[in-house]
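Letter by letter, the chains look like this.
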Amino acid sequence: MTHCSHKSGIFMKKLKLMICRPEGRLTGDRVGDLFACAGCSKMPGFDAVNRFHDFRAVTGIDIDFHNMKAMAREEAFVRRNQPPIKACYLVSNPAVYGLVRMYKAMMTGCGVEVHVSKDIQELAAELGVSDRKSTRLNSSHQI
């Protein structure tokens, strides 16, 4: 296992999946790291890893359109000439849902296939994680 430098994520080798569970408010200075796993995806071998983000513990957002646009532009630049990946976001907050939808629109055609849902089984199926293994995605604690 490889642990995230922000202490909100972990790489599950058996699932071939980066799992991130941030808590608290999403702010402009954290958005790139939490949305795009910016720090982790730059490590050797992690540029083609799918991502699962459990945003149910996100309590609010302090991000404007310009922060999101800059982050999306940077990720699109980093992802050029890379294999496409899937990034799935489990949300419960309507504002966070809207933010992820905005990110999805910005990343269209940039090598990141974004999925957002309130249903963990839907996202597990999108990532190809079996029902038996999907309980790991639903864990409320760090894996």
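Note that the coordinates shown come from a computational prediction; the quantities given were computed from them, not determined experimentally. (Residues numbered from 1 in each chain as written. Predicted model: local features only at pLDDT ≥ 70, side-chain atom pairs only at ≥ 80, totals over all residues. Heavy atoms only, no water.)

**Q** Lay out the confidence of the model for the protein in plain terms, naming residues and giving numbers.
**A** Where the model shows low pLDDT, its predicted coordinates should not be examined in detail. Overall, the prediction assigns the protein a mean pLDDT of 78, with 71% of residues at 70 or greater. Mean pLDDT across the elements of the protein ranges from a minimum in strand β1 (residues 2-3), with 47, to a maximum in strand β8 (residues 112-117), with 94. (pLDDT = per-residue confidence, 0-100. Helix = DSSP H or I, 4+ residues; strand = E, 2+ residues; numbered from the N terminus.)

**Q** Give a description of helix α4 (residues 94-107) that names residues and reports values.
**A** In this model, α4 (14 residues) spans 20 Å end to end at C-alpha, consistent with the 20 Å of a helix rising 1.5 Å per residue. What α4 keeps buried is the set V96, L99, V100, Y103 and M107. Burial along α4 is one-sided: seen end-on, the buried residues are contained in an arc of 95 degrees. Of the exposed residues in α4, the ones pointing more than 90 degrees away from its buried face are P94 and A105. Its side-chain oxygen at 2.7 Å from the backbone nitrogen of A95, N93 defines the N-terminal cap of α4. Where α4 terminates, the next one or two residues include G109, which has phi positive at roughly 80 degrees. (Expected span 1.5 Å × (residues − 1). Buried < 20%, exposed > 50% of the residue type's maximum accessible area, 1.4 Å probe, protein only. Arc of directions from axis to C-beta. Polar contact = N/O pair within 3.5 Å; in protein donor to acceptor, adjacent residues only side chain to side chain.)

**Q** Describe in detail the pairing of strand β5 (residues 50-54), supporting the description with residues and values.
**A** Among the 5 residues in β5, 4 count as buried, and that is most of the element. Alignment of strand β3 (residues 17-20) against β5, held across 4 bridges, turns out to be parallel. Counterpart to L17 in the pairing with β5 is N50. Note: β5 against strand β7 (residues 85-90), 4 bridges, orientation parallel. Looking at the pairing, R51 lines up with A87 of β7. (Pairing = 2+ DSSP bridges.)

**Q** Explain the pattern of salt bridges residue by residue, including any values.
**A** If you walk through the whole model with that rule in mind, you get 5 salt bridges. Residue R25 is joined to D62 by a salt bridge in which the shortest nitrogen-to-oxygen separation is 2.8 Å. Taken together, the residues R25 in strand β4 (residues 24-27) and D62 in strand β6 (residues 58-62) connect sequence positions 37 residues apart. Using a relative accessible area of 42% as the deciding quantity, one classes D62 as partly exposed. For D54, the salt bridge goes to R56, with nearest N and O atoms at 2.6 Å. Classification of R56 by relative accessible area gives partly exposed; the value is 34%. Several salt bridges converge on common partners, so that one network encompasses R21, D54 and R56. (Salt bridge = Lys/Arg side-chain N within 4 Å of Asp/Glu carboxyl O.)

**Q** Describe the environment of R56, and please don't skip the residues or the numbers.
**A** Note on placement: R56 falls in the loop between β5 and β6. Here D54 takes part through its side chain, which lies 2.6 Å from a polar atom of the side chain of R56.

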